[in-house]
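The chain contents come next:
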Amino acid sequence: MRKLFYLSRFLTALFFPVLISFGMVSPGSAQGDAGYVGADVCKGCHEGYYESYARSIHAKKAIPGSPANKHACESCHGPGAAHVSAGGGKGTGIFPFSRKQIADEKAARCLSCHEETEHLAFWDLSMHKRAGVSCDNCHSPHSGRPENLKMSTPGLCYGCHRDINAMTNKQSHHPINEGLVRCTDCHDPHGTFSSKMIKADSVNELCYKCHADKRGPYMWEHPPVDENCLICHTPHGSNHNRLLDKKTPELCQSCHETRGHPGAPYTRFNTFNPPAGGTVSNKLVARSCLNCHTNIHGSNGPSTHGKRFVR
Amino acid sequence: MKLRTAILTTFICLLLLSTAFAEENRLEGYASLTGRITDINGNKAKFNEYRDIKSGVYPDIRLGYDTGNYFIDGSGHNIGFDNQNYHFDAGAWGKGKLFLDYNDIPHNITYGAKSFYSGTGTNNLTGAPNTNTGTWKTFDYSLRRKQYGGGLRLDTVKPFYLSAATAREERNGIKPAGASITTPGGPAIEIPEPINYRTNNLNVELGYATKPLFASVQYFYSDFDNENHFLSFEHPTALSTDNLTLPPDNQYYKIGFKGGIRLPMNTRFNVNLSTARAKSNANLLTSYIFEGTADTLTSLSSSVFNGKTDTDNYAFALTAHPLPFIDGKLIYNYYQRKNKSDEIETTDPLSSTTLNPVTFATVAGVPFTNDLFGYKRNTYGVEAGVRLPMRLTILPSYRYVDTHFDNRLDVEKTRDNIYAVDVRWSGPGFMTARAGYERLSRRIDHLVPSVDDNPVENIYEQYLRRFDIAPKDRDTFKIGADIYPLDALSVGIGYKYKKTDYKDASFGLQDDRRNEIDIDADYTFGKLLKLSAYYDYERIKLHQFQRNNPFNGTTLLAPTDTSNATNFNWVVTQKDESYNFGAGADIYVVPSVVTLRIRYDYMDSEGHADFSYLTAAALTGGRTNDNIDLDNLDDYQKSSLTAKVIYNVTKALSVSAGYAYERYRYSDAQLNNYQYTYASGGANYLTGAYSAPSYNANIIFATVAYKF
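As the structure is a computational prediction, the values presented were derived from the model and not from experiment. (Residues numbered from 1 in each chain as written. Chains lettered and ligands numbered in written order. Predicted model: local features only at pLDDT ≥ 70, side-chain atom pairs only at ≥ 80, totals over all residues. Heavy atoms only, no water.)

Concerning the pattern of salt bridges
All names here are of chain B. Inspection of every chain in the model, using the stated rule, returns 64 salt bridges over all chains. Residue Asp-468 is joined to Arg-408 by a salt bridge in which the shortest nitrogen-to-oxygen separation is 2.8 Å. With Asp-468 in the loop between helix H3 (455-461) and strand S27 (472-486) and Arg-408 in the loop between strand S24 (392-406) and strand S25 (411-425), this residue pair connects regions lying 60 residues apart in the sequence. Arg-408 matches Asp-468 in its accessibility class, with the two residues each being buried. Put simply, Arg-439, Arg-443, Asp-473, Asp-475, Lys-499, Asp-501, Lys-503, Asp-511 and Arg-513 are held in one network by salt bridges that share partners. (Salt bridge = Lys/Arg side-chain N within 4 Å of Asp/Glu carboxyl O. Helix = DSSP H or I, 4+ residues; strand = E, 2+ residues; numbered from the N terminus. Buried < 20%, exposed > 50% of the residue type's maximum accessible area, 1.4 Å probe, protein only.)

This is the structure:
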């Protein structure tokens, strides 16, 4: 811990001067109390939006600091007097949360209340922030949906992550499209310290939350298993059974080349119905290598049988 | 059905109770009843892999009641089916809430599998092998997870908060396992493994959240209990009891701290510290059947194995936004997995895989121990974001990752340098275009083991670079755009190319190439029509170099040594090509009243393994380099069509009816012409796991829904 203490001091000492050298002010703009017209005025023209706000959690007076206890619609959209004076108009004298606005400016509106919650405490670390995503890309207080999401997951996430959608359509997949596993079971879209914004300090820690049987610790460990499940598996979907990234036996042969059967080619001449001159091989058919090496995630089996994961 | 009745009764009571107050407060929810008629031909397990679509009637219900200060909400979906789930929460706005959950998750693998063993589903399989599969007993490979959870959240003493949740999962069923029967490389038997797992989790978090400080401590405890520690089965040739070890009970806890503080100059310092421990214990077998004959261990330094691993994680991140057009981030992460498990010394009675280092003869009684693998990783990173005029943003980053491995035979340390730059442009106002490039360059401290320790495997280590740690250069290119020229039209397009060269690998995976294209579009034509479509394409190409039987019993052969009919080099290029498209339309026949919804999806994947023997003399038994390829590796086509009419009778009441068709065709060289018994180094026995998954299904359905 002492090392960590010194390390944190070192980091802070090293980079603070750099940041201070920018010597500039924050981008947020101070907002005065003048110019508010009240929610009833907004309702006059935007009844639909008002009704949806009124049904949302933002309208709960029981929640301290909620827009209902501030300026209602104008808590987020800003004072409306200029907008009203101008006779309305999209974005005229008001903050409309439109596509053309800078993401950080839109997010800053939300973060002014939500930043110091456990959900958004690490928004600065979020890949979404870095990618120019703002809160209103996913949320709308007017949606009427749980958590003010614009649509339910995984469809919401697929809107940008088209490649992930394609993977979940593959024949081997986690039951994401079936609604039994949610994107947010594994990922925190608001930011974490981990790569891919996973809800754990490591990939394995995340996987073991559901697959506790793989956690071991085993007497005979298979090194890639304990380092990262994703060395062999791809989590969103695969053409190959058990979410394997590559087909066996080639997956295993990627690493295991030695005397005996690991280095042999298993071809069409080793299928269940081989051409003349071939013979069936249990290294290829059915579950391939796993026909014997069944405890591939680890074993407490005896002697070389355990060491080679066959018992 | 008891649970279903209880839930329905609860809902009805809540409905009656809340209706009494409905005038003052808000009551909302819905109830629906869906009837289905199904006709499924082919593999019902694959069709219902993670679902439970069958003929019958099922309700969905949600009921919420809100006084403005307090709320109560409950819902139930697929009630009475294998994928049913329920959620209930209640609380006081801004003060706290309680919740309860129940989820049922099926995983159907293969129905109608069969085995000559009796006792499938238990941990004791008895019966002698026979080849008359007509007499074998059938069973289903299927798992079912029942998850019960509950918890609370308190915000009554702000800015402090407390959340606590507990969950229990019961997982039961049968999954396929296997065992070798005799010597390494000999015959195998597929055996049904009983799954009776219980996992209890507890998660508690106490936090403090107010500007400028956020801090929280977390505690997580998980206890995994396996009812079966061994699967006993009658050995097919020894005809005495053999044992397969099953996952041991384990316990895991983690204590963590997370915090962040806002500093001057729009900077923020974030920290994440945690320590965790996993423990297991297992009774070790004191005797076992060694390579097909009954035997006893010659020595075992302990008959109990105590597993223990500790993981420590320290992460720090300093983020800055010093100017409106500049972002910056500095990160440091230390992660260590320490393996403190028991080191057990054991021997083989006579091992055909353990050789005398001088004579290369098989030897008996050479002691060896389990390796205590562990690693520690340091990650250093810097990221920047610069917004330029014309809404152009440039995002460069750099990361350095070094990993030290404990007790790995092949590597001591890896060093990754990762450079990346992303560019985003939103200048035109109707589109955002993105491009990115990342380069990962990995170098390693490779260990060339001492030849004297293990002459065969160790000599070959000089040619092996296992792909998980191998030196590599990986380049990733990405380009994409989101285009919305009209409010009613949006188009997304993306392309990604990733190539990885494992350049020092003489054996094993040498080359990995992946291409992906994704396109989608949505168009809304006023109040008449909404259209959507997508297309995805992926191509994966992997190349491996291997040597058949590099050790011929007396001599070790290097990749460059002379080849012959039994000692030769060969290569394989594995390709996967997939495409996936779909289109859907919502046709508002009578706007807000009658909608016709049609959707079609199609997925096609073809796998191919192209083999080449690099020695002509090895092409024996009718083999040529043109007739040995595997042309169908996980080939499949899946198409689905849904047509549905939705009639909103009133704002509250809707009726819908429709038809769905789904067709799945699968072909795989490893499963086609499936045989339950076959000869390969002796008699092999299979049970049918994963075989013949093709199906087609017709479903007619109708739903009445009422919302309030």
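Looking at the domain arrangement of chain A
Residues and elements named next belong to chain A. Taken domain by domain, chain A consists of domain 1 (2-85), domain 2 (103-199) and domain 3 (216-307). With ten residues of domain 2 in contact, the opposing surface of domain 3 contributes ten residues. For the domain 2 face of the interface with domain 3, the top three residues by lost area are Met-167, Gln-171 and Ser-172, together amounting to 49%. (Domains from an automatic or database assignment. Contact = heavy atoms within 4.5 Å. Buried area = accessible area lost by both parts, 1.4 Å probe.)

Here's the deal with unusual backbone geometry
Residue Pro-249 of chain A follows Thr-248 of chain A across a cis peptide bond; omega there is 5°. Along the chain, Pro-249 of chain A turns up in the loop between helix H13 (223-227) and helix H14 (250-253). The omega torsion of the bond from Lys-211 of chain B to Pro-212 of chain B falls at 5°, within 30 degrees of zero and hence cis. Summarising the element assignment, Pro-212 of chain B is placed in the loop between strand S9 (188-210) and strand S10 (213-226).

A short note on the interface of chain A and chain B
Chain A puts 133 residues into the contact, and the matching count from chain B is 205 residues. For the pair chain A and chain B, the two sides together bury roughly 13900 Å², of which 55% comes from carbon and sulfur. The interface formed by chain A and chain B holds 21 salt bridges in total. Note that Arg-408 of chain B and Glu-227 of chain A form a salt bridge whose closest N and O atoms lie 3.2 Å from each other. Connecting chain A to chain B are 76 residue pairs in polar contact (both at pLDDT 80 or more). Contributing elements (two or more residues each) for the side of chain A that touches chain B: helix H1 (2-22), helix H6 (103-114), helix H7 (127-130), helix H10 (162-168), helix H12 (203-210), H13, H14 and helix H15 (303-307) of chain A. With ten residues, H1 of chain A is the largest single contributor of residues to the side of chain A that touches chain B. Here the residues of the side of chain A that touches chain B are counted per class, giving 52 nonpolar, 44 polar and 37 charged. (Polar contact = N/O pair within 3.5 Å; in protein donor to acceptor, adjacent residues only side chain to side chain. Nonpolar A, V, L, I, M, F, W, Y, C, P; charged D, E, K, R; others polar.)

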